[in-house]
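Below are the chains, spelled out letter by letter.
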Protein chains: 2
Amino acid sequence: MARVTKRSPIGVFDSGLGGLTVFKVLARRMPEESLIYFGDTAHVPYGSKSPEAIARFSSEVAKFLAGRGIKLLVVACNTSSAWALPAIRKAVKVPVVGVIDPGARAALGVSRGGRIGIIGTEATVKSEAYVKAIKNLRKGAKTVSAACPLFVPLVEEGWWSGDVVETVARKYAGPLKSARVDTLILGCTHYPFLKPVLARVMGSKVRLIDSAEETARETENVLCGLGLRAPRGGKGRREMWASDAPERFARLAGRMLGAKVKKVRLHHFD
Amino acid sequence: MARVTKRSPIGVFDSGLGGLTVFKVLARRMPEESLIYFGDTAHVPYGSKSPEAIARFSSEVAKFLAGRGIKLLVVACNTSSAWALPAIRKAVKVPVVGVIDPGARAALGVSRGGRIGIIGTEATVKSEAYVKAIKNLRKGAKTVSAACPLFVPLVEEGWWSGDVVETVARKYAGPLKSARVDTLILGCTHYPFLKPVLARVMGSKVRLIDSAEETARETENVLCGLGLRAPRGGKGRREMWASDAPERFARLAGRMLGAKVKKVRLHHFD
C-alpha cells in the first residue's frame with residue numbers, strides 16, 4: 001500500500017449514486033482535495049440486503065480504495081454506515097467517517113422540541129443506528145422511524161417531483177406527521193433529491209436534515225486533526241469507479257452533480 | 001457432475017422472488033417433478049444492471065444448479081432470458097428454457113389485431129428480445145414497449161393495489177394505450193402480482209399475458225421430448241436457495257406462494 005500523504009485522495013463510497021450528494025459537498029468545501037468515488041452498482045441497492053452481505057460488499061470496496069492509496073474513507077451510504085463500520089474498520093487502516101453520527105448531531109442541533117423523525121432504507125431503519133446515536137447525544141429525545149424503500153428507485157428513475165412521488169411520500173409521512181416530529185433526518189443519501197416534495201408534505205415547520213454538509217465538515221475536522229489536509233490553493237483530482245455499468249453511472253452522475261462526468265472506470269469483485 | 005436421470009430435479013432461477021410465479025405453475029402442473037429454486041438476492045435487481053453483469057451472475061447460478069444435478073434449467077427471469085441465454089448455454093450442458101419465446105407465442109396466440117404491448121425492466125426492454133421473438137413468429141405484428149422500473153420495488157414492497165401502484169401504472173400505460181395495443185405481455189416475472197391493477201388500467205379489451213403458464217408447458221414438452229419426465233404419481237422434492245438473506249426470502253416467498261416456506265438455504269458467490 002502506498003504511503004499516505006497530505007496529497008493522498010479521500011475515498012468516498014456508496015452502494016450507488018446517492019453518495020454523490022456527499023461527494024459534491026466535499027468537492028465544494030475542499031476543492032484542493034483529491035477525491036475517489038466508488039459506486040457499488042453491481043450490488044445496489046444495499047437497503048434490502050442482509051447485514052452480512054452489506055458488511056462483505058462494503059469491506060471489499062474499502063479494501064479496493066485503500067489499495068488506491070486513500071488517506072481517509074467516507075462511507076457515504078447510510079445503510080453501510082449503519083451496519084458495516086466495524087467490518088470496514090477491520091478491513092482497512094485509514095480513518096473512516098460514516099454519515100450517521102454527523103446526521104444525528106445536525107438534527108439535534110436544530111431540533112427545538114427534540115422530536116426527531118428518521119427516514120431511510122429498510123436495513124438502516126432496522127439497525128436503529130440513528131436512534132442509538134441520537135439517544136447517546138440527548139437521552140430525552142423522542143424518535144420515530146419509517147422505512148421508505150420506494151424512494152431510492154424513484155430517485156434512480158428520475159421521478160423527483162410529480163404525483164407519484166407525492167403520493168408515496170404522503171404514505172410514508174403519515175406516522176411521522178402523527179408523531180408531530182419537528183425535525184426529519186433524510187437517512188439515505190438519495191433522499192436530498194426529494195427535499196422539495198418532502199418539505200411540502202411535512203410542512204414548513206419541520207426541519208429537514210441531510211447529512212452531506214455535516215459529514216463533509218466532520219471529514220475536514222478529522223483531516224485537520226491528523227495534519228492531513230491538502231495544501232490550499234491546489235486543485236484536487238477527481239476519479240470515479242463503479243462495479244457495473246460505468247456509462248450509465250456517468251450519465252446519471254452528471255445529472256445529479258449538474259456537471260458532465262467524463263470517465264467512470266469499471267472494477268468488479270466477483 | 002451427477003448423472004442426469006428422470007428423477008433429477010428441474011432448476012428454476014430468477015434474480016429474486018419473481019420466478020416463483022413460474023415455480024408455482026411448474027409445481028401445480030408437474031407435482032411429481034423435483035424442483036430446485038435459486039433466487040440471486042445478493043444481486044437483485046438485474047433489470048438496471050449491465051448485460052455483462054447479467055450474463056456473469058446468471059452463469060454462476062446456472063453452474064451452481066448444474067452442480068446440484070438438475071436435468072433442465074428454467075431461466076424464470078425475463079432480464080436474464082433476454083441477455084444471458086448464450087452465456088448460460090455455454091456454462092452448462094443441460095437444456096435451458098427461457099421465458100421470452102413462450103411469452104411471445106402466448107401473446108400471438110390470443111392477439112386479434114397483432115398489436116402487442118410489452119412491459120418489462122429497463123434491461124429487458126432495451127434488449128428488444130420480445131420484439132425480435134414476435135417478429136420472428138409474425139412479421140406484420142406491431143409492438144410497443146415500455147420499461148417499468150418501479151413495478152419490481154412496488155411488488156417487493158407488497159403494494160400490489162392502491163393509489164400508488166395505480167398512479168404509477170397509469171403513467172407507464174400511457175404510450176401503450178395511445179398505441180391501442182390489444183395484448184400486453186407482462187415481461188417480468190414480478191408483474192403477475194399487479195394483474196388486477198393492470199387489467200383495470202388497460203381496460204377489459206386488452207389481454208394480459210404472463211409467461212409462467214406457457215413456460216411451464218414448454219418445460220414439460222422439452223422433458224417429454226428428451227424422455228426425462230419423472231414417473232407419474234410420485235411427489236417431487238422442493239428445495240430453495242438464495243444468495244442473500246434467506247429468512248427474508250422465505251417469508252416473502254411464503255406470501256407469494258400462499259404456503260409456508262420452511263427452509264431456504266444460503267449460497268453466495270463472492
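Because the structure is a prediction, the values reported are computed rather than measured.

Caption draft 1: Main features of the overall build of chain A. What chain A contains, in helices and strands, is twelve helices and ten strands. Radius of gyration (C-alpha) of chain A: 18 Å, near the 18 Å computed for a compact globule of 270 residues. When the backbone C-alpha atoms are referred to their principal axes, chain A occupies close to 55 × 40 × 40 Å. Each of the 270 residues in chain A was classed as buried or not, and the buried ones make up 62%. Intrachain contacts of chain A at a sequence separation of at least 6 include 77% that bridge at least 24 residues. In the form shown here, chain A has an accessible surface area of approximately 11000 Å², with 52% of it arising from carbon and sulfur atoms. The average position of the 44 basic charges and that of the 23 acidic charges among the side chains of chain A differ by 6 Å.

Caption draft 2: Just the domain arrangement of chain A, in detail. Residues and elements named next belong to chain A. Per the domain assignment, the segments making up chain A are domain 1 (10-98 + 213-266) and domain 2 (100-211). Computed from C-alpha coordinates alone, the two centres of domain 1 and domain 2 are separated by 22 Å. Counting each side, the surface lost to burial between domain 1 and domain 2 is near 1900 Å², with a carbon and sulfur contribution of 56%. Contact with domain 2 buries surface across domain 1, with N78, E214 and M256 losing the most and accounting together for 29% of the total.

Caption draft 3: Quick look at helix α9 (residues 163-178) of chain B. Residue and element names in this part refer to chain B. Compared with an ideal rise of 1.5 Å per residue, which puts 16 residues at 22 Å, α9 spans 22 Å between its outermost C-alpha atoms and is within 8% of the ideal. Of all the bends in α9, the greatest, near 40°, is centred on Y172, and the proline P175 appears no more than four residues after it. Taken residue by residue, α9 has V164, V165, E166, T167, V168, A169, Y172, A173 and L176 as its buried positions. Phi turns positive, to about 50°, at R180, one or two residues after α9.

Caption draft 4: Quick look at the relation of the copies chain A and chain B. By a simple turn and slide, chain A fits onto chain B: the slide is 0.0 Å along the axis, the RMSD is 0.0 Å, and the turn is 180°. Read as a symmetry element, the transformation amounts to a two-fold axis. When the interface residues of chain A are mapped onto chain B, 100% of them are again interface residues, pointing to one common binding face.

Caption draft 5: Here's a closer look at the packing of helix α5 (residues 100-110) of chain A against helix α7 (residues 129-137) of chain A. Residue and element names in this part refer to chain A. The interhelical angle for the contact between α5 and α7, taken along N-to-C directions, is 55°, at an axis separation of 9 Å. By the angle between their directions, the pair α5 and α7 is classed as oblique. By crossing handedness, the relation of α5 to α7 is classed as right-handed. Counting all contacts with α5, which are made through I100, D101, G103, A104, R105 and L108, the residues of α7 involved are A129, Y130, A133, I134 and L137. When grouped by side-chain class, the residues that make up the contact of α5 with α7 number eight nonpolar, one polar and two charged.

Caption draft 6: Main features of the confidence of the model for chain A. Averaged over chain A, the pLDDT score is 95; the fraction of residues at 70 or greater is 99%. Overall fold confidence for the complex sits at a pTM of 0.90, while the interface term, ipTM, reaches 0.85.

Caption draft 7: A look at unusual backbone geometry. A:V44 connects to A:P45 through a cis peptide bond whose omega is -5°. Among the structural elements, A:P45 can be located in the loop between β2 (35-39) and α2 (51-67). Of note in this structure, A:A245 is not a glycine but carries a positive phi near 45°. With a phi close to 55°, B:E128 is a non-glycine residue in the positive phi region. Within the fold, B:E128 resides in the loop between α6 (122-127) and α7 (129-137).

Caption draft 8: Spatial organisation of the nonpolar core. Ranked by internal contacts, the top residues of the largest apolar core, which has 118 residues, are A:L20, A:I119, A:F151, B:L20, B:I119 and B:F151. Residues in contact with A:L20, not counting those within four places in the same chain, are A:Y37, A:M240, A:F249, A:A253, A:M256 and A:L257.

Caption draft 9: Broad picture of the interface of chain A and chain B. Each side of the interface is counted separately: chain A has 30 residues, and chain B has 30 residues. Here chain A packs against chain B, burying approximately 2600 Å² in sum over the two surfaces, 57% of which is carbon and sulfur. Applying the counting rule to chain A against chain B returns four salt bridges. Between A:K171 and B:D163 there is a salt bridge, and its shortest N-O distance comes to 3.1 Å.

Caption draft 10: Here's a closer look at the pairing of strand β7 (residues 183-186) of chain A. Residue and element names in this part refer to chain A. Here β7 shows a buried face lined by T183 and I185 and a second buried face lined by L184 and L186. Relative to β7, strand β5 (residues 115-120) is paired through four bridges, and the arrangement is parallel. Among the inter-strand pairings, G117 is bridged to a residue of β7, identified as L184. Inspection of the sheet shows β7 paired to strand β8 (residues 207-210) by four bridges, in the parallel sense. Bridging from a neighbouring strand, L184 pairs with L208 of β8. Crossover β7 to β8 through helix α10 (residues 195-202) is right-handed.

Cut-offs used in this document
- Residues numbered from 1 in each chain as written.
- Chains lettered and ligands numbered in written order.
- Predicted model: local features only at pLDDT ≥ 70, side-chain atom pairs only at ≥ 80, totals over all residues.
- Heavy atoms only, no water.
- Helix = DSSP H or I, 4+ residues; strand = E, 2+ residues; numbered from the N terminus.
- Rg over C-alpha atoms; globule rule 2.2 N^0.38 Å.
- Buried < 20%, exposed > 50% of the residue type's maximum accessible area, 1.4 Å probe, protein only.
- Contact = heavy atoms within 4.5 Å.
- Areas by Shrake-Rupley, 256 points an atom, 1.4 Å probe, with all protein chains shown as cover.
- Lys, Arg positive; Asp, Glu negative; His and termini not counted.
- Charge placed at Lys NZ, Arg CZ, Asp CG, Glu CD.
- Domains from an automatic or database assignment.
- Buried area = accessible area lost by both parts, 1.4 Å probe.
- Expected span 1.5 Å × (residues − 1).
- Bend = angle between axes of the 7 residues up to and from the residue.
- Least-squares fit on C-alpha atoms with pLDDT ≥ 70 in both.
- Axes fitted to C-alpha atoms, helices over the stretch in contact; angles between N-to-C directions.
- Parallel < 35°, antiparallel > 145°, perpendicular 65-115°, else oblique.
- Left-handed = near helix turned anticlockwise from the far one by under 90°.
- Nonpolar A, V, L, I, M, F, W, Y, C, P; charged D, E, K, R; others polar.
- pLDDT = per-residue confidence, 0-100.
- Core = buried A, V, L, I, M, F, W, Y, C linked by side-chain atoms within 4.5 Å.
- Salt bridge = Lys/Arg side-chain N within 4 Å of Asp/Glu carboxyl O.
- Pairing = 2+ DSSP bridges.
- Right-handed = clockwise from strand over helix to strand, strands pointing away.

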